[in-house]
Amino acid sequence: MFDMVASKPLDASVVHAAVKQLANLDRDVTDAARIDLLNALEHAKSACAAAQARVAADLDRSRQEERAALGVPPERRARGIASEIALARQESPHMGGLHLGMARALVHEMPHTLTLLERGVLSEWRATLLVRETACLTREDRSTIDERLCSDAATLGKLGNRALVARVRQEAARLDVDALVRRASKAEGDRRVTSRPAPDTMAYLTALLSVKQAVAVQAALGRDADAILAQGDPRSRSQIMADLLVERATGISSADGVPVTVNLVISDRALFEQGDDAAYVHGYGPIPAGLARLWAKGAVTDDEVLAELRRVYANPSTGALTAMESKSRCFPKALARLIDTRDRTCRTPWCDAPIRHRDHITAVAEGGPTTADNGAGLCERCNYAKEGEGWNAATTTADEAELHSYEIITPTGHRFRTEAPPLPKPMPLSPFEVYSLPESILLEYVEAA
Ligand SMILES: [Zn+2]
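Each value, and the rule that gives it
- Residues numbered from 1 in each chain as written.
- Predicted model: local features only at pLDDT ≥ 70, side-chain atom pairs only at ≥ 80, totals over all residues.
- Heavy atoms only, no water.
- Helix = DSSP H or I, 4+ residues; strand = E, 2+ residues; numbered from the N terminus.
- Expected span 1.5 Å × (residues − 1).
- Buried < 20%, exposed > 50% of the residue type's maximum accessible area, 1.4 Å probe, protein only.
- 1 Å grid on protein atoms, 1.4 Å probe; cavity = no way out; pocket = protein on both sides within 12 Å on 5 of 7 lines; lining within 4 Å.
- Points joined across faces, edges and corners; volume = space filled by probe spheres on them.
- Nonpolar A, V, L, I, M, F, W, Y, C, P; charged D, E, K, R; others polar.
- Axes fitted to C-alpha atoms, helices over the stretch in contact; angles between N-to-C directions.
- Parallel < 35°, antiparallel > 145°, perpendicular 65-115°, else oblique.
- Contact = heavy atoms within 4.5 Å.
- pLDDT = per-residue confidence, 0-100.
- Donors = N, O, S within 2.8 Å, 3.2 Å for Na, K, Ca; no water.
- Tetrahedral: all angles 85-135°; square planar, octahedral: opposite > 155°, others 65-115°.
- Pairing = 2+ DSSP bridges.
- Core = buried A, V, L, I, M, F, W, Y, C linked by side-chain atoms within 4.5 Å.
- Phe/Tyr/Trp six-rings, centres within 6.5 Å; stacked < 30°, edge-to-face > 60°.
- Salt bridge = Lys/Arg side-chain N within 4 Å of Asp/Glu carboxyl O.

**A closer look at helix α2 (residues 31-69)**
Look at α2: 57 Å from first C-alpha to last across 39 residues, which is about the 57 Å you get at 1.5 Å a residue. Here α2 has its buried residues at A44, S46, A49, A50, A53, A56, A57, D60, R63 and R67. G71 sits one or two residues past α2 and shows a positive phi near 85°.

Rendered as structure tokens:
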């Protein structure tokens, strides 16, 4: 792939030139040639992954040395490096962290695995499995496994991925029985609850728990659903279990009453059945306008659950939020909510983690005001990375009608710019019409300024 440029040192421009050649692929070839090409391209992908690991490890070393020379304390020297890698690879900061961890392991502890990756004997995924499965071992044990399994390409040979994992675990257990126990306790440290969209405006709520906890939750829900069923409840056992889960987690007595916690952004046009702009649910994503209307109407019949109706001012032509500011150094509730509504998820490119912090783009210490324009919604990880030495951020929004623009400048001077997503377009509406709406959903109501 890189033959034509073999005489030049391999930098980004050489790689770009070689990649360009792929677009001019000669496709009028025999099937045998096609099979060879598929194999060669796979080799190139593995070799690229190995090269990326080396480059990432180099960046890691150079950045940390540079910060050490500046007198930055050791615990702050690695800050933001994973995020730099993520931005360069156009991936989430979480993936950046995995790539950096993998690069460190391959370069410093598993040289044989790295060599096989470079030679195309291992794919990036198989190398990842080797790194992952040895993560709980000491450096020495890890290196021993690296040598035993990867110093000879034939050892792992044509094992399937599952067999490969089993082989690594077998070696690990032989070297260090306690490692398996450590592994289990590390896994327990990863327990968490997440949610992601499912088809038909449903969502999956996933809890990663220890076996004991998961079995206990499932058994308790099943036992109590059986008791309710025995009293003649018309719902199915699965439905009752799901409702019980919601009731117990939210602490309210009826699963139907949940809307208090649902944060919905809808345009007035869509709300009053004059438009079909999708509504947006925080933590879920867009939902059809019709469904949002149904929720709003359902809320009307429920006296117990009352929530406020909030108005968000948006520019009618662009959907950009209008300015709002505070004298305080921290973002007060209303302003924070406005930023959440505007940004929806973390503003770092390729990161769609939920917002945890509202960050001053220009720091208060440097004269940055507490305004919506100078605020950005960030996840925990991105906020932390931004604190790293050499990181900067700026807002480049020229006027209020424009969508909010946020730019990150990494220590290498690379710039990454994002725009806030446009809000549903509002329509003019009389105040009477607005305030006569009874609400039980936390409604972000988009109105023309
Ligand atoms: Zn983020």
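**A short note on the layout of surface pockets**
Volume-wise, the second largest pocket comes out at about 430 Å³. Lining the second largest pocket we find 15 residues, and of these L205, V217, Q218, L221 and L245 sit closest to its centre. Breaking the lining of the second largest pocket down by element, the ones donating at least two residues are β2 (202-208), α11 (211-230) and α12 (237-250). For the lining of the second largest pocket, the per-class residue count stands at twelve nonpolar, two polar and one charged.

**Observations regarding the packing of α2 against helix α5 (residues 111-118)**
Relative to each other, α2 and α5 sit at 140°, their axes nearing to 7 Å. As judged from the angle between their axes, α2 and α5 are oblique. Residue-level contacts link H43, S46, A47, A49, A50, A53 and R54 of α2 to L114, L117 and E118 of α5. Tallied by class, the residues present in the contact of α2 with α5 amount to six nonpolar, two polar and two charged.

**Side note on the confidence of the model for the chain**
Across the chain, pLDDT averages 82, with 80% of residues at or above 70. Per-element mean pLDDT across the chain ranges from 47 in helix α17 (residues 431-435) up to 97 in α5. Scored below 50 in pLDDT, residues 300-311 shows 30 contacts in the model against residues more than four places distant or in partner chains. This model gives residues 429-443 a pLDDT under 50, and the stretch forms 48 contacts once residues within four places in sequence are excluded.

**Quick look at the coordination of the zinc ion**
Every protein donor of the zinc ion is listed here as C346 (SG), C351 (SG), C379 (SG) and C382 (SG), and their distances to the metal cover 2.3 to 2.4 Å. Each of the four donor atoms bound to the zinc ion contributes to angles spanning 100 to 116°, and the resulting shape is tetrahedral. Written as a sequence motif, the donor residues of the zinc ion are C-x4-C-x27-C-x2-C. One end of the pair, C346, is in the loop between α15 (333-343) and β8 (357-360); the other, C382, is in helix α16 (residues 380-386), and 36 residues separate them in sequence. There is no split in this pair, since C346 and C382 are both buried.

**Some details on the packing of α2 against helix α4 (residues 93-108)**
Where α2 meets α4, the axes come as close as 8 Å, and the angle between the chain directions of the two elements is 95°. Considering their axes alone, α2 and α4 lie roughly perpendicular with respect to each other. Contact residues: A53, R54, A56, A57, D60 and Q64 in α2; L100, A103, R104, L106 and V107 in α4. Residues belonging to the contact of α2 with α4 are distributed by class as follows: seven nonpolar, one polar and three charged.

**Here we look at the environment of V217**
With respect to the helices and strands, V217 occurs in helix α11. With 28 residues separating them in the primary sequence, V217 and L245 have C-alpha atoms 8.9 Å apart.

**Topic: the pairing of strand β13 (residues 415-419)**
Residue alternation in β13 divides its side chains into a buried set, F416 and T418, and an unburied set, R415, R417 and E419. As defined by bridge partners, strand β12 (residues 405-409) adjoins β13 across five bridges and the pair is classed as antiparallel. If you follow E407 over to β13, its bridge partner there is R417. Hairpin connection of β12 to β13: five residues between the antiparallel strands, including G413 at a positive phi of 90°.

**Quick word on unusual backbone geometry**
A positive phi is found at R344, a non-glycine position, where the angle reads about 65°. Relative to the helices and strands, R344 resides in the loop between α15 and β8. Phi is positive for W350, which is not a glycine, with a value near 65°. Within the secondary structure, W350 sits in the loop between α15 and β8. Overall, W350 belongs to the partly exposed group, its relative accessible area being 38%.

**Digging into the sheet that holds strand β11 (residues 392-395)**
The strand order across the open sheet built from three strands is β11-β12-β13, with neighbouring strands paired in antiparallel fashion. Each of the sheet's edge strands pairs with one partner strand only, and the pair in question is β11 and β13. Mean inter-strand twist for the sheet, computed between neighbouring axes without regard to direction, equals 20°. As defined by bridge partners, β11 adjoins β12 across four bridges and the pair is classed as antiparallel. Counted as the bridge partner of A394 is E407 from β12.

**A few points about the nonpolar core**
By size, the foremost hydrophobic cluster in this structure holds 32 residues, and its most contacted members are L106, L130, L149, C150 and L156. Counting residues per element, the ones that place at least two in this core are α2, α3 (81-89), α4, α5, α6 (124-133), α7 (139-150) and α9 (161-175). For L149, the contacting residues outside a window of four places in its chain are L130, T155, L156, R167, V168 and E171. Judged by nonpolar contacts, the second largest core, of 13 residues, contains I361, A376, A393 and Y406.

**Digging into the packing of aromatic side chains**
Following the criterion strictly, the structure yields one aromatic pair and no others. An angle of 75° between the planes, with centres 6.3 Å apart, marks the rings of W350 and F416 as edge-to-face. Here the residue W350 occupies a position in the loop between α15 and β8, and F416 occupies one in strand β13, the gap between them amounting to 66 residues. Residue F416 is classed as buried on the basis of its relative accessible area of 16%.

**Digging into the pattern of salt bridges**
A complete count under the given rule lists 28 salt bridges for this structure. Among the ionic pairs, R132 bridges to E133, the shortest N-O distance being 3.1 Å. Taking relative accessible area as the criterion, R132 reaches 41% and is therefore assigned partly exposed. Owing to a relative accessible area of 2%, E133 belongs among the buried residues under this scheme. Its salt-bridge partner being D224, residue R223 comes within 2.9 Å of it at the nearest N-O pair. By relative accessible area, which is 55% here, R223 ends up exposed. Assessed through its relative accessible area of 18%, D224 is described here as buried. One network of salt bridges, with partners in common, ties together R148, R167, E171 and R174.

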